[in-house]
Amino acid sequence: MIQISDVSQQVIREKLLREQMIIAKERESEAKKASQAKTDFLASMSHEIRTPLNAILGMADTLNETELSEEQTEYLTVLRNSGRALYNIINDILDFSRIESGKLEMESVTFSIHDLMKETISLFLMKAKSKGIHISHSISKEISPMIKGDSTRIQQILINLIGNAMKFTEKGSIFIKLMLSEDKSHLVFEIEDTGIGIPNDKLQSIFESFTQVDSSTTRKYGGTGLGLSITKKLILLMNGTISVQSEIGKGSTFHIEIPYEGLLHRESNQNQHWLDLELPDPENFPPCKILLAEDSNENVFIIKTFLRKYPIQLEVAQNGKEAFDKFQSGNYDLVLMDMQMPEMDGMEATKQIRIHEQVKTKNKSGETPIIAISANVQKEEIKKSFLAGITSYLAKPVRKIEILKLIYFYIAH
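Rules of the game
Counting of residues starts from 1 at the beginning of each chain's written sequence and follows it residue by residue. Totals for whole chains, interfaces and linings use all residues, but because this is a predicted model, local features are given only for residues with pLDDT of at least 70 and pairs of side-chain atoms are given and counted only at 80 or more. Side-chain metrics rest on all non-hydrogen atoms present in the structure, leaving aside hydrogens and water. Only DSSP runs of H or I with at least four residues qualify as helices, and only runs of E with at least two residues qualify as strands; both kinds are numbered from the N terminus onward. Note on contacts: a residue pair is in contact if any heavy atoms of the two residues lie within 4.5 Å. Under the pairing criterion, centres of Phe, Tyr and Trp rings, with the six-membered ring standing for Trp, must be within 6.5 Å; the plane angle then separates stacked pairs below 30 degrees from edge-to-face pairs above 60, leaving the rest tilted. Think of it in three bands: with a 1.4 Å probe and only protein chains considered, a residue is buried below 20% of the maximum accessible area for its type, exposed above 50%, and partly exposed in between. In this scheme, the term charge over a ring applies when either NZ of a lysine or CZ of an arginine sits within 6 Å of the ring centre and within 35 degrees of the ring normal. The working definition used for a salt bridge is a side-chain nitrogen of Lys or Arg within 4 Å of a carboxyl oxygen of Asp or Glu. Nine residue types can take part in a nonpolar core, namely buried Ala, Val, Leu, Ile, Met, Phe, Trp, Tyr and Cys, and a core is a set of them joined through side-chain atoms within 4.5 Å. Strands are labelled as partners when DSSP assigns at least two bridges between them. Handedness is read with the strands pointing away from the viewer; a crossover is right-handed when the path from the first strand over the helix to the second is clockwise. Orientation is described by lines fitted to C-alpha atoms, with helices fitted over the stretch in contact, and by angles between N-to-C directions that extend from 0 to 180 degrees. Per residue, pLDDT captures the predictor's confidence, and it can take any value from 0 to 100.

Draft legend 1. Structural detail: the environment of Arg354. Relative to the helices and strands, Arg354 is located in helix H10 (residues 346-360). In sequence terms Arg354 and Ile390 are 36 residues apart; their C-alpha atoms lie 9.3 Å from each other. Leaving out residues up to four positions away in the same chain, Arg354 has contacts with Glu367, Thr368, Ile370, Ala388, Gly389 and Thr391.

Below is the structure:
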């Protein structure tokens, strides 16, 4: 026979369990809201920082094309390097946030690891020369001409590790080795330097977020302490491993293994990528009429400066609504669209332009290329932009060579 007290205790336990479940759901909801708030904040800050940074780096590149004294060139080099350093810090913070929130996805594309290695190492040749450091690499003949993987993230890993080696090496050499594991299942990267080395008791902590070997290292060499943490997290997302061996005063060797999927033959690429194009001289550039939608006067000035030597008729709209109105009455070969503007943003303006083309004008020659120029590099926003009708996407800060090559790609092909 069940006692009354037993029934009461059971009721109390069930009530407590329901209350705990409600509390757990509320906390989960609050955690999701906090995570989304952080993502939105970082996206907003990214836009606010990248927009003026676009003007700074754009003007620095433009100044570099003018006649400068030796002293002015030195000043400009400091300005450009500082701007690029700030740009890298912003990218590190955004990547860290995406990884922590589980929103960073790996891609699988076919690419040449040989070309990627050469391209990546070329980024450090000038720095190595200025420091008197010898940088070299080797690639095993066993590795296929083309492989499958996330080429962007593999290059990011290499840039982080080679950049670290360059930062902490004052003399000697940096050697990058690429080979296959014994069972041929993994790509193996080794980045060896003759730098300052890492104490044994710090070998694991260097992969933790916001960590440097010590405060004096931070003061002398700089950095956010996110590079190696992001590198390790990216490698783990690829189901790979990373380890390090080091000796104080003699250098360090980072060892990375990631799954390998090689292809026997180099696949033909009928659609040439726009970055591979040779940009013609202004005299041979096809004349065209372009609509620029941009609310920042500084960025309008930068774009005008980039295009001024080319036979491009540029018209400017200060917001999305004005851009759409101009597009209806103009005959443009291409549109450069900022995605965040007052009155009507670039996303909505693009949708309206596509509707206008399809319904009102029944455009039979195809859609007008619309290139997004945006400070928002969140993958979700980029996807939304393409769904809205964007043809291509450039992230701020935009380099002159990038925007000109992309314009040429769509105008001439």
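Draft legend 2. Quick peek at the packing of aromatic side chains. Within the structure shown, the criterion is met by 4 aromatic pairs. For the ring pair Phe285 and Tyr408, a centre distance of 5.6 Å and an interplane angle of 45° mean the geometry is tilted. Separated by 123 residues along the polypeptide, Phe285 in the loop between strand S8 (262-263) and strand S9 (288-293) and Tyr408 in helix H12 (residues 400-412) bring together distant segments of the chain. Phe285 sits in the buried class, given a relative accessible area of 2%. Its relative accessible area of 17% is what places Tyr408 among the buried residues. Judged by centre distance (6.5 Å) and plane angle (20°), the ring pair of Phe327 and Tyr332 falls under stacked. Positioned above the aromatic ring of Tyr332 is the side chain of Lys289, whose terminal nitrogen or guanidinium carbon lies 4.9 Å from the ring centre.

Draft legend 3. Spotlight on the pattern of salt bridges. In total, this model carries 11 salt bridges according to the counting rule given. For the salt bridge of Asp61 with Arg80, the shortest nitrogen-to-oxygen distance reads 3.0 Å. Pair noted here: Asp61 is in helix H1 (residues 4-64) and Arg80 is in helix H2 (residues 70-100), with a separation of 19 residues, a long-range link. What makes Asp61 buried here is its relative accessible area of 16%.

Draft legend 4. Representation of the nonpolar core within the structure. If you look at the biggest cluster of nonpolar residues, it comprises 44 residues, and the most contacted ones within it are Ile113, Phe189 and Phe254. Listing elements by their share of this core, those giving two or more residues are H2, helix H3 (113-122), helix H5 (151-167), strand S4 (173-180), strand S5 (186-193), helix H7 (227-237), strand S6 (241-247) and strand S7 (251-259). Counting residues per element, this core draws most heavily on H5, which supplies 7 residues. Setting aside residues up to four positions removed in sequence, Phe254 forms contacts with Leu161, Phe189, Glu190, Ile191, Ile198, Ile206, Phe207, Leu228, Ile242, Ser243 and Val244. Within the second largest apolar cluster, 26 residues are counted, among which are Phe285, Ile290, Val300 and Leu404.

Draft legend 5. Highlighting the pairing of S9. Extensive coverage of S9 is indicated by the burial of 6 of its 6 residues. What you see with S9 is no split at all: Cys288, Ile290 and Leu292 on one side and Lys289, Leu291 and Ala293 on the other are buried throughout. As paired elements, S9 and strand S10 (residues 312-317) share 6 bridges and run parallel to each other. Looking at S10, one finds that Leu291 is bridged to Glu315. The handedness of the S9 to S10 crossover, carried by helix H8 (residues 297-307), is right-handed. The pairing of S9 with strand S11 (residues 334-338) spans 4 bridges and is parallel. Paired with Leu291 across the two strands is Val335, which belongs to S11.

Draft legend 6. Spotlight on the sheet that holds S6. Pairing is mixed in the open sheet, where 5 strands are placed in the order S2-S4-S5-S7-S6. Each having just a single partner strand, strand S2 (134-139) and S6 make up the two edges of the open sheet. Taken pair by pair, the neighbouring strands of this sheet meet at an average axis angle of 10°, ignoring direction. Where S5 and S7 come together, 7 bridges link them in antiparallel fashion. Bridge pairing links His186 to Pro259 in S7.

Draft legend 7. Broad picture of the confidence of the model for the protein chain. The predicted model of the protein chain has a mean per-residue pLDDT of 83, with 86% of residues at 70 or higher. Contacts for the low-pLDDT stretch residues 265-271, under 50 throughout, to residues beyond four places or in other chains number 7 contacts.

Draft legend 8. Expanded view of the sheet that holds strand S12 (residues 370-374). Spatial ordering of the open sheet is given by S10-S9-S11-S12-S13, a layout of 5 strands whose pairing is parallel. Two strands close off the open sheet at either side, each with one partner strand: S10 and strand S13 (392-395). Strand after strand, the sheet turns through a mean of 20° between neighbouring axes, direction not considered. Where S11 and S12 come together, 4 bridges link them in parallel fashion. Bridge assignment links Leu336 to a residue of S12, and that residue is Ile371. The strands that H12 touches are S9, S11, S12 and S13; relative to S13, the one it contacts most, it runs at about 170°.

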